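An overview of the molecular structure
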Amino acid sequence: SMLLIFLAQLAGRGFNEFISNGLPLYIVTFLGTAGAGRIRDLTRALNNELSERKRFELALIQRKNQLENKIIERTEDLTRSNLQLRQKIIEAEKANREKIYAQENAAESKKLALVGKIAGKMAHDFNNILGIIMGHSEIGLLESGNPETKEIFQIIFDQTWRGKNLTKNLVT
């Protein structure tokens, strides 16, 4: 812009004035040979260059602002996506923990069911044994004439009856 001001001043003054103001002679000679029309052309060209440069700078600033806005938008999108992914991970981990808990409970239930099934079979087998003992002690009670032997058969009968009730209570 200083050159533009200088050229504008040069177009309206005489050569002697420039020399007396300290402008070197070769510049004054060049300007004199170029003529006022040439100076106007150079001034216009310089103005056009400056205008073009300002348009380019403005376009550059505008593009920079667009890119910065895009970066801000993309960062916000990525932040939202990151939060959503974190939430999904938390939910997946929770679902996985619940699944493991349910599997462990199912396994424990199966174990308990198996134990119950085994206990039921054992109780049934034990009751069969007790039934045989009870039946024989009952026969001994009916056929024995000895009071001491009857007393022993009664104790056997009572205890097997008690054992049958005990296994019955364990199974139920």
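Residues numbered from 1 in each chain as written. Predicted model: local features only at pLDDT ≥ 70, side-chain atom pairs only at ≥ 80, totals over all residues. Heavy atoms only, no water.

Assigned secondary structure in the chain consists of four helices and zero strands. For the chain, the residues scored as buried account for 12% of the 172 residues in total. Partitioning the intrachain contacts of the chain with sequence separation of at least 6 by distance along the chain shows that 52% fall at a separation of at least 24. Carbon and sulfur atoms make up 60% of the accessible area of the chain, which totals about 14,200 Å². (Helix = DSSP H or I, 4+ residues; strand = E, 2+ residues; numbered from the N terminus. Buried < 20%, exposed > 50% of the residue type's maximum accessible area, 1.4 Å probe, protein only. Contact = heavy atoms within 4.5 Å. Areas by Shrake-Rupley, 256 points an atom, 1.4 Å probe, with all protein chains shown as cover.)

Within the element layout of this structure, Thr-160 appears in helix H4 (residues 147-171). Among the polar contacts listed, one links the side chain of Thr-160 to the backbone oxygen of Phe-157, at a separation of 2.8 Å. Each residue touching Thr-160, except ones within four places of it in the same chain, is listed here: Leu-130, Ile-133 and Met-134. (Polar contact = N/O pair within 3.5 Å; in protein donor to acceptor, adjacent residues only side chain to side chain.)

Our next topic: the pattern of salt bridges. On inspection of all chains with the given rule, the structure shows four salt bridges. Measuring nitrogen to oxygen at the nearest pair gives 3.2 Å for the salt bridge that ties Arg-53 to Glu-57. Taken together, the positions of Arg-53 and Glu-57, both in helix H3 (residues 25-143) and four residues apart, correspond to about one turn of that helix. Assessed through its relative accessible area of 54%, Arg-53 is described here as exposed. (Salt bridge = Lys/Arg side-chain N within 4 Å of Asp/Glu carboxyl O.)

Turning our eyes to something else, we now look at H4. The end-to-end C-alpha separation of H4 is 36 Å, in line with the 36 Å expected for 25 residues at 1.5 Å each. Looking only at H4, the buried set comprises Phe-157, Thr-160, Gly-163 and Thr-167. Two or three places before Glu-148, at the start of H4, stands the capping residue Asn-146, its side-chain oxygen 3.0 Å from that residue's backbone nitrogen. (Expected span 1.5 Å × (residues − 1).)

The next point concerns the confidence of the model for the chain. Reading predicted coordinates in detail is not appropriate for stretches of low pLDDT. Averaged over the chain, the pLDDT score is 83; the fraction of residues at 70 or greater is 74%. Here helix H1 (residues 2-11) stands out as the least confident element of the chain, with mean pLDDT 52; H4 is the most confident, with 90. (pLDDT = per-residue confidence, 0-100.)

Turning our attention to a nonpolar patch on the surface. A cluster of nonpolar side chains, namely Phe-126, Ile-129, Ile-133, Ile-152 and Ile-156, defines an oily patch on the protein surface of about 430 Å² accessible area. Put simply, the parts of the chain that give the nonpolar patch at least two residues each are H3 and H4. If one sorts the elements of the nonpolar patch by residue count, H3 sits on top with three residues. Structurally, Phe-126 can be placed in helix H3. The class of Phe-126 is partly exposed, set by a relative accessible area of 40%. (Patch = residues over 30% accessible without salt bridge, like charges linked within 9 Å, V, L, I, M, F, W, Y side chains within 5 Å.)

With that settled, the discussion passes to the environment of Thr-160. Taking relative accessible area as the criterion, Thr-160 reaches 5% and is therefore assigned buried. Note: C-alpha distance between Thr-160 and Leu-130 (30 residues apart in sequence) is 5.6 Å.

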